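# Examining the three-dimensional arrangement
Below are the chains, spelled out letter by letter.
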Amino acid sequence: MGYDKALVTVVENAKLTDLIWQKTNVEIKTIKIAESDRPYGMMVGIPGRPQLLLSRGLYDNFAPDEVEYVVLHEAGHYALAHSVKELLLGLLLLVVGIWALKRTRKPARGIVGAITLGLIFGVAMIRLGAFNELQADNYAVTRMTNPEGMIAATEKFRGHYGKSLTQNDNKLIQWMFYRGNPYDNRIKIAEEEMEKRGELQVN
Ligand SMILES: [Zn+2]
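This section reports on the structure supplied with the text. Computed from a prediction, not measured in an experiment: that's the story for all the values here. All chains use their own residue numbering, which begins from 1 and follows the written sequence. With pLDDT at 70 or above as the cut-off, local features in this predicted model cover only qualifying residues; side-chain atom pairs require 80 or more to be listed or tallied, and sums for whole chains, interfaces and linings still use all residues. Excluding hydrogens and water, the side-chain values take into account all heavy atoms of the structure.

### Thoughts on the packing of helix α3 (residues 64-79) against helix α5 (residues 107-143)
For any two helices packed against each other, one specifies the crossing angle of their axes together with the interaxial distance. For helices, the fitted line uses only the C-alpha atoms of the stretch in contact; every axis is such a line through C-alpha atoms, and the angle between N-to-C directions lies from 0 to 180 degrees. Starting at the N terminus, helices and strands are each numbered in turn, a helix being any DSSP run of H or I of at least four residues and a strand any DSSP run of E of at least two. At their nearest, the axes of α3 and α5 sit 8 Å apart, and the two run at 125 degrees to each other. Relative to α5, the element α3 is oriented oblique. In this structure, the crossing between α3 and α5 has a hand that is right-handed. For the pair α3 and α5, the contacting residues are Glu68, Tyr69, Leu72, His73, Ala75, Gly76, His77 and Ala79 in the first and Asn132, Glu133, Ala136, Asp137, Tyr139, Ala140 and Arg143 in the second. The class makeup of the residues in the contact of α3 with α5 is seven nonpolar, four polar and four charged. Roughly parallel refers to an angle under 35 degrees, roughly antiparallel to one over 145, roughly perpendicular to one between 65 and 115, and oblique to any angle outside these ranges. Throughout, a crossing is termed right-handed when the near helix is turned clockwise from the far one, and left-handed when it is turned anticlockwise from it by less than a right angle. In what follows, residue pairs with any heavy atoms lying within 4.5 Å of each other are defined as contacts. Polar here means any residue other than Ala, Val, Leu, Ile, Met, Phe, Trp, Tyr, Cys and Pro, which are nonpolar, and Asp, Glu, Lys and Arg, which are charged; Gly is therefore polar.

### Quick word on the coordination of the zinc ion
Atoms of type N, O and S within 2.8 Å of a metal are treated as its donors, and for Na, K and Ca the window is 3.2 Å; water is not considered, so some sites may appear to be missing partners. Protein-derived coordination of the zinc ion comes from His73 (NE2), His77 (NE2) and Glu133 (OE), at a distance range of 2.1 Å. When its relative accessible area of 12% is taken as the criterion, histidine 77 is described as buried. Exposure categories follow from relative accessible area, calculated using a 1.4 Å probe and restricted to protein chains: below 20% of the type maximum is buried, above 50% is exposed, and the middle band is partly exposed.

### Some thoughts on the sheet that holds strand β3 (residues 41-43)
The strands that make up a sheet pair up through hydrogen bonds in the backbone, lying either parallel or antiparallel. A pair of strands is labelled paired if DSSP reports no fewer than 2 bridges between them. Taken in spatial order, the four strands line up as β1-β2-β4-β3 in an open sheet, and their pairing is mixed. One side of each edge strand has no neighbouring strand; the edge strands of this open sheet are β1 (8-11) and β3. Across this sheet, the average inter-strand angle for adjacent strands is 25 degrees, counted without regard to direction.

What follows is the structure in structure tokens.
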């Protein structure tokens, strides 16, 4: 048994890692390329050791301006300690949940309580995640050399995933279960940034 192909290839790309350093002060030494055709990027490191993972589909098919959006968004998650905050909220909710359920004497009530708490806590985690996704997009767009790259990358993501990943027609379902910043909103953020920069140049 064994894999014909490595699942992750480590690459050095000084141009990209220098760009990340200059714009975010996040030091990435090497980039991990996940051998997958689906376009995605993520930060998988721990505090003090950020690890940037990009898929092959993204690394090979996205233009430099589009890659810049993805890596600045991911660096934003790291710089703003999003995974730490999400972990802490998760642990806090776990402790609160165990404490609350221990106080329940009747088993039937315990099951209903567990399901209710699980749902409320799950939505709380989603809301923090949605806040963090929006914050990472705002962090990225203000630092981008060319915010049009954010629009182009968003259209590529939309072309690949459709709206299923970030959007639901039901606003309540969207609020409760979707953490991703909807594609239309990302484009709006990029357009607003371009407008802002345009006004600065005129005045
Ligand atoms: Zn994100």
